[in-house]
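What follows is the residue order along each chain.
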Amino acid sequence: MSLKDAAGRYCRRHVPTTSHPRRMEDSSGGHVRKKIISTCLKMKDMLDNGITLIEDLSKARQPLTYLDAVYFVRPNQENIGHIKKDFGEVREYSGRLYKAAHLFFTEIIPDDMLGDIAKSDIAPFVQTVKELNLAFLPIEERVFSLDNPMAYNDYYGGKMTEKKLDEIAEQLVTVCATLDESPCPKVRICNSNLDCVKRLATKVQAKLEKYKEANILTANNKSQLIILDRGFDPISPFLHELTFQAMAYDLLSAVSASSKIDPVKNTYTFDSNKDSSLDDTKKEIILDTSNEVWRELRHLHISTVVQKVNQKTNALMEKYSNLRGSGGGDPNNMHEMKSMINKMPKYKRRKRILTPSLNSRRTVWRLQ
């Protein structure tokens with residue numbers, strides 16, 4: 001099963017559908033949560049669930065007392081404090097921002113924190129409390145990220161605290177919960193002076209047991225979770241990968257703004273003026289599995305990509321040669337004109353899908 005699909009299905013299953021308009025509040029500093037939402041749920045999913053607006057919980061917002069609020073947050077005191085403010089418990093003035101609250105937590109909420117919510121003045125407004133256990137970023141079918149760019153520096157710089165390890169362990173366990181897997185953690189330590197990996201594995205094991213006790217995970221150990229430090233393979237970061245996706249991210253992240261990849265947003269922006277057959281001057285596409293050409297080519301060697309893109313381009317031009325202004329066709333033949341009109345949307349769609357791969361292949365080939 002695709003991890004990305006599993007995360008999306010998990011999200012849709014646990015966020016109930018409603019016909020009433022709602023707004024989603026994302027936790028303060030929660031860029032990871034925003035990415036999770038945008039990765040797992042499409043705009044249609046949002047609308048189907050009655051969500052019309054996403055806002056940052058830490059920022060000032062207008063009162064909308066006719067709307068329910070859906071909070072997608074980490075279970076910590078800071079976020080609980082923001083929610084209390086929204087419903088007038090600690091506000092300077094009387095009143096609340098929203099009609100009701102639906103609380104969705106990315107991880108297991110501690111009992112004392114849950115008790116604090118139950119005893120507070122916001123309790124009458126809380127209609128839903130649910131642990132989604134979704135604290136990671138699904139990138140591809142079998143790739144995920146914890147979106148923690150400082151982890152490498154913390155690990156080798158001696159700054160990996162117990163709190164940081166605990167957060168990483170919780171994120172890893174939510175991956176297992178999404179896949180409904182209860183693995184047995186295995187450790188491979190390559191530097192005896194660094195015990196972070198072993199401590200992390202111990203925390204992961206403890207949290208897995210906690211999830212089993214809460215019936216979030218079934219008690220099976222069919223899979224294994226292998227935890228490695230970078231010392232297991234120190235060579236790979238210094239090698240230049242020659243597959244299309246790796247080369248595109250390596251090379252196109254450093255070129256001009258008119259043609260580049262944004263590794264954070266996973267988007268490719270290019271200047272379509274270089275292709276005289278296109279009307280727009282600048283285009284941006286998302287590099288994910290919904291792009292069928294990118295999905296097919298991304299893990300192939302660059303030389304194979306060059307051949308396949310050329311083949312696809314030639315096949316497209318040959319199939320729709322009478323739509324390219326070559327002078328072919330009889331303008332008085334109504335049947336032929338109708339056939340050309342029917343083919344035009346398909347031609348434009350195929351061209352729109354293929355053009356970014358053709359453009360990026362040319363740029364990568366030139367820069368390598």
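Cut-offs and rules
- Residues numbered from 1 in each chain as written.
- Predicted model: local features only at pLDDT ≥ 70, side-chain atom pairs only at ≥ 80, totals over all residues.
- Heavy atoms only, no water.
- Helix = DSSP H or I, 4+ residues; strand = E, 2+ residues; numbered from the N terminus.
- Buried < 20%, exposed > 50% of the residue type's maximum accessible area, 1.4 Å probe, protein only.
- Contact = heavy atoms within 4.5 Å.
- Patch = residues over 30% accessible without salt bridge, like charges linked within 9 Å, V, L, I, M, F, W, Y side chains within 5 Å.
- Areas by Shrake-Rupley, 256 points an atom, 1.4 Å probe, with all protein chains shown as cover.
- Salt bridge = Lys/Arg side-chain N within 4 Å of Asp/Glu carboxyl O.
- Pairing = 2+ DSSP bridges.
- Axes fitted to C-alpha atoms, helices over the stretch in contact; angles between N-to-C directions.
- Core = buried A, V, L, I, M, F, W, Y, C linked by side-chain atoms within 4.5 Å.
- Phe/Tyr/Trp six-rings, centres within 6.5 Å; stacked < 30°, edge-to-face > 60°.
- Polar contact = N/O pair within 3.5 Å; in protein donor to acceptor, adjacent residues only side chain to side chain.

J.: Quick question: what am I supposed to make of the overall build of the protein chain here?
T.: Looking only at helices and strands, one finds twelve helices and twelve strands in the protein chain. Expressed as a percentage of the 368 residues in the protein chain, the buried residues total 43%. Contacts spanning at least 24 positions in sequence make up 73% of the contacts within the protein chain whose residues lie at least 6 apart.

J.: I'm lost on a nonpolar patch on the surface in this one. Help?
T.: On the surface, Ile 226, Leu 228 and Phe 232 cluster together into a nonpolar patch covering about 290 Å² of accessible area. Tracing the sequence through the fold places Phe 232 in the loop between strand E9 (224–228) and helix H9 (244–251). Of the residues examined, Phe 232 reaches a relative accessible area of 44% and is grouped as partly exposed.

J.: Is there a simple way to explain the sheet that holds strand E11 (residues 267–271) in this structure?
T.: The strands that make up a sheet pair up through hydrogen bonds in the backbone, lying either parallel or antiparallel. Across the sheet, which stays open at both edges, the three strands sit in the order E10-E11-E12 with antiparallel pairing between neighbours. Pairing within the sheet leaves two strands with one partner each, and these edge strands are strand E10 (260–262) and strand E12 (282–286). Pairwise comparison of adjacent strand axes, ignoring direction, gives a mean angle of 20° for this sheet. In the sheet, E10 pairs with E11 via three bridges, with the strands oriented antiparallel. Considered in E11, the bridge of Ile 261 is made with Tyr 268.

J.: Where do I start with the nonpolar core in this structure?
T.: A general feature of soluble globular proteins is that nonpolar side chains tend to end up buried together. Within the largest apolar cluster, 38 residues are counted, with the highest numbers of intra-cluster contacts made by Cys 40, Leu 134, Phe 136, Leu 200, Val 204 and Ile 227. Taken together, the elements giving at least two residues each to this core come down to helix H1 (3–14), helix H2 (31–40), strand E3 (64–73), helix H7 (162–179), helix H8 (196–213) and E9. Other than its neighbours up to four places away in sequence, Cys 40 contacts Ala 7, Gly 8, Cys 11, Arg 12, Asp 45, Leu 134 and Pro 138. Judged by nonpolar contacts, the second largest core, of 19 residues, contains Leu 57, Leu 67, Tyr 71 and Phe 87.

J.: Is there a simple way to explain the environment of Asp 121 in this structure?
T.: Relative to the assigned elements, Asp 121 resides in the loop between helix H5 (111–119) and strand E5 (126–131). Linking Asp 121 and Lys 84, residues 37 residues apart in sequence, is a C-alpha distance of 8.0 Å.

J.: What is the right way to read the packing of aromatic side chains from this model?
T.: We describe a pair of aromatic rings using the distance from one ring centre to the other and the angle between the two ring planes. Applying the stated criterion across every chain yields a total of four aromatic pairs. Taking 5.6 Å as the distance between ring centres and 55° as the angle between the ring planes, the aromatic pair formed by Phe 244 and Trp 294 counts as tilted. Of this pair, Phe 244 sits in helix H9 while Trp 294 sits in helix H10 (residues 292–297); the two residues are 50 residues apart in sequence, bridging distant segments of the chain. As far as burial versus exposure is concerned, Phe 244 and Trp 294 are alike and both buried. Through a chain of ring-to-ring contacts, three or more aromatic side chains come together here, namely Phe 87, Tyr 98 and Phe 125.

J.: Sorry, what's going on with the pattern of salt bridges here?
T.: In a structure, side chains of opposite charge can pair up when their charged atoms sit close to one another. All told, the structure shown has twelve salt bridges when counted by the stated rule. In this structure, Glu 162 and Arg 199 form a salt bridge, with 2.6 Å as the shortest nitrogen-oxygen distance. With Glu 162 in helix H7 and Arg 199 in helix H8, the pair connects residues that are 37 residues apart, well separated along the chain. Note on Arg 199: relative accessible area 24%, which makes it partly exposed. Two residues, Glu 170 and Lys 207, come together in a salt bridge whose shortest N-O distance is 3.0 Å. Of the two residues, Glu 170 sits in helix H7 while Lys 207 sits in helix H8, which places them 37 residues apart along the sequence.

J.: Please clarify how the environment of Glu 107 should be interpreted in this entry.
T.: Within the secondary structure layout, Glu 107 lies in the loop between strand E4 (98–105) and H5. Each C-alpha atom of the pair Glu 107 and Ala 135 lies 6.6 Å from the other, and the pair is 28 residues apart in sequence. Those residues in contact with Glu 107 that lie beyond four places of it in its chain are Arg 74, Pro 75, Glu 131, Asn 133, Ala 135, Glu 170, Thr 174 and Tyr 211. A polar contact of 3.0 Å, which involves the side chain of Glu 107, links it to the side chain of Arg 74.

J.: Just checking my understanding: could you explain helix H4 (residues 77–86) for this structure?
T.: Every α-helical turn comprises 3.6 residues, leaving residues that sit three or four positions apart pointing alike. Burial in H4 covers these residues: Asn 79, Ile 80, His 82, Ile 83, Lys 84 and Asp 86. Each element contacted by the buried residues of H4 is listed here: E3, E4 and H5. Gly 88, located one to two residues past H4, shows a positive phi value of around 80°.

J.: Just checking my understanding: could you explain unusual backbone geometry for this structure?
T.: Across residues other than glycine, the phi torsion is negative in most instances, and most of the peptide bonds are trans. For Asp 147, which is not glycine, the phi dihedral falls at a positive 50°. The residue Asp 147 is located in the loop between strand E7 (143–145) and helix H6 (151–156) in this model. Residue Asp 180 is not a glycine yet carries a positive backbone phi of 55°. Relative to the helices and strands, Asp 180 is located in the loop between H7 and strand E8 (184–188).

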